[in-house]
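So you can see what is in the structure, the chains are spelled out below.
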Amino acid sequence: MIKKAVKRLANYVIYRATRLLITLKVFHRVHAKKAYNDDFNRQTFRESVISFISSLSYDTNFQYKYSTSCNKPTLYASAYACMTLSLLGKLNDLSTQQKAQWIAYFDSFQDANDGLFYDPVVDSQLYRTADWWGSRHLALHMISAYTNLGGKPKYPFYFLEDYYDADRIKQWLDSHEWSKSCTHADDIDNKIMNIGCLLQYQRDAWNDDRARAAVNYLQSYLLSRINKQTGMWGHFDTNNPDQLSRVVQFAYHLFPLFFYDGIQIQHHALVVEHVLATQNKLGGFGVQINSSACEDMDSIDILIRFSPFTKNHKKEIDIRLYKSLNWILCNQVDDGGFVFRLYERFTYGHSQMSSKPNEGSMLSTWFRVLSIAYLDKHFETPHNFVINRCPGYEF
């Protein structure tokens, strides 16, 4: 017992010391870099990101590695490359034939039975069951990539037929303890986003009436579950930064189902006040000072989309978002890509989707470039970003 206690104490001391060192490094980087100012050159920025993506090209124009550390191409990386190049307007340089070839490459991974995409490099039990990463999560990225190329998948998403029945959706969602959950630890939010937004795509891309009915029911159900005291889902301690951050992330995954279809969410001011409270001293949105690409995007997206409906908060939102822009740009590293968290290694579901500390990665680069694109659009800054309309992440 004593040995275990000593070991736990030693591990805690090491953890705290590591966090302190990272915090000091991050503060120094932000104050030294001052990435966003009047001299920020968007063309140079664009070229640096394109160069990073090109450096990860593998054998063909459509195969990409996730980071320099990885030695095999993945479908995930190809989708992220496609989406990032689209945001930067680079896909406009491709011919119709080249776009068709990239679409055919994507099609080669799609299963004719369920419509999902299976990459043998990363396929695993986790890939087939998780929703923060995996087959359903990738499918939601794929529809953006297809849309950016001007096409759609070869097959509809047949697996969604399991969610066409309203009673089944209700049974699934009722199993989540909405009234008691403060941290939403079961990851249901990612699954709702994956299923719900893919249903929207199924509805629109294939004019599927059953998918349309399922979306309508899902939206109605989720609206009925909103906590009127917060404007979001679940109960949480507003003074607990970890719980607050998690609830905002949860809400980010559900709000697109409404934003995309133009459905108004009530309690705008409450939502904005809680989201603003997630911003840290350096402009990121997270408990850790080196907030992640996901934490940052989740809060930024909500603030931007709620801003038109909260005039009393607009000035405060703009100040906070402007501060976040400098922080986002500080996450661009020497190779031209972006990191998930500064000074930390990160593995995203599989070793072939991992990156070393301060090594750019495909997920992080796409999500942080998307954040910058939304921020520039919000501030009506002249830019060349291209944001196509598709359910899920980009619209």
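The structure displayed is predicted, hence computed values, not measured ones.

The rules behind the values
Residues numbered from 1 in each chain as written. Predicted model: local features only at pLDDT ≥ 70, side-chain atom pairs only at ≥ 80, totals over all residues. Heavy atoms only, no water. Helix = DSSP H or I, 4+ residues; strand = E, 2+ residues; numbered from the N terminus. Rg over C-alpha atoms; globule rule 2.2 N^0.38 Å. Buried < 20%, exposed > 50% of the residue type's maximum accessible area, 1.4 Å probe, protein only. Contact = heavy atoms within 4.5 Å. Areas by Shrake-Rupley, 256 points an atom, 1.4 Å probe, with all protein chains shown as cover. Lys, Arg positive; Asp, Glu negative; His and termini not counted. Charge placed at Lys NZ, Arg CZ, Asp CG, Glu CD. Axes fitted to C-alpha atoms, helices over the stretch in contact; angles between N-to-C directions. Parallel < 35°, antiparallel > 145°, perpendicular 65-115°, else oblique. Left-handed = near helix turned anticlockwise from the far one by under 90°. Nonpolar A, V, L, I, M, F, W, Y, C, P; charged D, E, K, R; others polar. Phe/Tyr/Trp six-rings, centres within 6.5 Å; stacked < 30°, edge-to-face > 60°. Pairing = 2+ DSSP bridges. Salt bridge = Lys/Arg side-chain N within 4 Å of Asp/Glu carboxyl O. Polar contact = N/O pair within 3.5 Å; in protein donor to acceptor, adjacent residues only side chain to side chain.

Can you help me understand the overall build of the chain in this one?
Broken down by element type, the chain carries 15 helices and six strands. The globule rule puts the C-alpha radius of gyration for 395 residues at 21 Å, and the 21 Å found for the chain is close to it. Reported as C-alpha extents along the three principal axes, the dimensions of the chain are approximately 55 × 55 × 50 Å. By residue count, 57% of the 395 residues in the chain fall in the buried class. Partitioning the contacts of the chain with sequence separation of at least 6, the portion at a separation of at least 24 is 72%. Per element, the accessible surface of the chain, about 17,400 Å² overall, is 51% carbon and sulfur. Computed over 43 positive and 40 negative side-chain charges, the inter-centroid distance for the chain is 6 Å.

I keep staring at the packing of helix H2 (residues 42-55) against helix H15 (residues 362-378) and nothing clicks. Help me out?
Between two packed helices, what matters for the description is the angle formed by their axes and the separation of those axes. Direction vectors running N to C along H2 and H15 enclose 160 degrees, while the axes themselves pass 11 Å from each other. Considered as vectors, H2 and H15 are oriented roughly antiparallel to each other. Between H2 and H15 lies a crossing whose hand is left-handed. Where H2 approaches H15, its residues Arg42, Phe45, Val49, Phe52 and Ile53 are matched on the opposing element by Met362, Thr365, Val369, Ile372 and Asp376. Per-class residue counts for the contact of H2 with H15 are seven nonpolar, one polar and two charged.

Would you take a moment to explain the packing of aromatic side chains for this structure?
Two numbers describe a pair of aromatic rings. These are the distance of the centres and the angle of the planes. Applying the stated criterion across every chain yields a total of 37 aromatic pairs. Aromatic pair Tyr76 and Tyr80: ring centres 5.8 Å apart, planes at 20 degrees, arrangement stacked. Here Tyr76 and its partner Tyr80 are both found in helix H3 (residues 75-87), four residues apart, which amounts to about one turn of the helix. On the basis of relative accessible area, Tyr76 is assigned to the buried category, the value being 1%. Its relative accessible area of 0% is what places Tyr80 among the buried residues. Aromatic pair Trp178 and Phe250: ring centres 6.0 Å apart, planes at 90 degrees, arrangement edge-to-face. Here Phe250 lies in helix H10 (residues 241-254) and Trp178 lies in the loop between helix H7 (166-174) and helix H8 (188-205), a separation of 72 residues in the sequence.

When you look at the pairing of strand E2 (residues 60-64) in this model, what are you seeing that I'm missing?
For strand E1 (residues 57-58) and E2, the ladder comprises two bridges, and the chain directions are antiparallel. The residue of E2 that forms the bridge with Tyr58 is Thr60. Remark: one residue form the turn of the hairpin made by E1 and E2, two consecutive strands paired antiparallel; Asp59 in that turn has positive phi of roughly 70 degrees.

Looking at this model, I keep getting lost on the environment of Ile188. Mind explaining?
Mapped onto the elements, Ile188 comes out in helix H8. According to the relative accessible area criterion, Ile188 is buried, its value standing at 6%. In this structure, the C-alpha to C-alpha distance between Ile188 and His137, residues 51 residues apart in sequence, is 12 Å. If sequence neighbours within four positions are ignored, Ile188 has contacts with Trp172, Leu173, His176 and Phe250.

Just checking my understanding: could you explain the environment of Tyr260 for this structure?
Considering the arrangement of structural elements, one finds Tyr260 in the loop between helix H11 (256-259) and helix H12 (268-276). Placed 38 residues apart in sequence, Tyr260 and Asp298 show a C-alpha to C-alpha distance of 16 Å. Once residues within four sequence positions are removed from consideration, Tyr260 is found in contact with Gln200, Arg203, Asp204, Arg389, Cys390, Pro391 and Phe395.

Sorry, what's going on with the pattern of salt bridges here?
Two side chains bearing opposite charge may form a pair once their charged atoms approach each other closely. Overall, the coordinates contain 16 salt bridges when judged by the stated rule. With its nearest N and O atoms 2.7 Å apart, the salt bridge here joins Asp204 to Arg203. A salt bridge links Arg212 to Asp209; the nearest nitrogen and oxygen atoms lie 2.3 Å apart. Separated by three residues within a single helix, Arg212 and Asp209 lie in helix H9 (residues 209-224), roughly one turn from each other. A relative accessible area of 55% means that Asp209 is categorised as exposed. Three or more residues joined by partner-sharing salt bridges are found here, namely Lys170, Asp174 and Arg225.

Help me understand the packing of H12 against helix H13 (residues 293-306) in this model?
The N-to-C vectors of H12 and H13 enclose an angle of 150 degrees; their axes lie 10 Å apart at closest approach. Crossing hand, H12 versus H13: left-handed. Residues His268, Val271, Val272, Val275 and Leu276 of H12 form the contact with H13, whose own contacting residues are Ser299, Ile302, Leu303 and Phe306.

Quick question: what am I supposed to make of the side chain of Ser364 here?
Topologically, Ser364 is positioned in helix H15. Among the residues examined, Ser364 registers a relative accessible area of 0% and is labelled buried. A distance of 3.0 Å separates the side chain of Ser364 from the backbone nitrogen of Phe340, its partner in a polar contact. Setting aside chain neighbours within four positions, we find Ser364 in contact with Phe338, Val339 and Phe340.

Please explain unusual backbone geometry as it appears in this structure.
For residues other than glycine, phi is negative in most cases, and the peptide bonds are mostly trans. In this structure, His267 is a non-glycine residue whose phi angle is positive, near 60 degrees. By secondary structure assignment, the location of His267 is in the loop between H11 and H12.

Just to check I follow, could you spell out the side chain of Gln279 for this structure?
Inspection of the secondary structure assignment puts Gln279 in the loop between H12 and H13. Within the structure, the side chain of Gln279 is placed 3.0 Å from the backbone oxygen of Arg320, a separation counted as a polar contact. Excluding residues that lie within four positions of it along the chain, Gln279 makes contacts with Gly284, Phe285, Arg320, Lys323 and Ser324.

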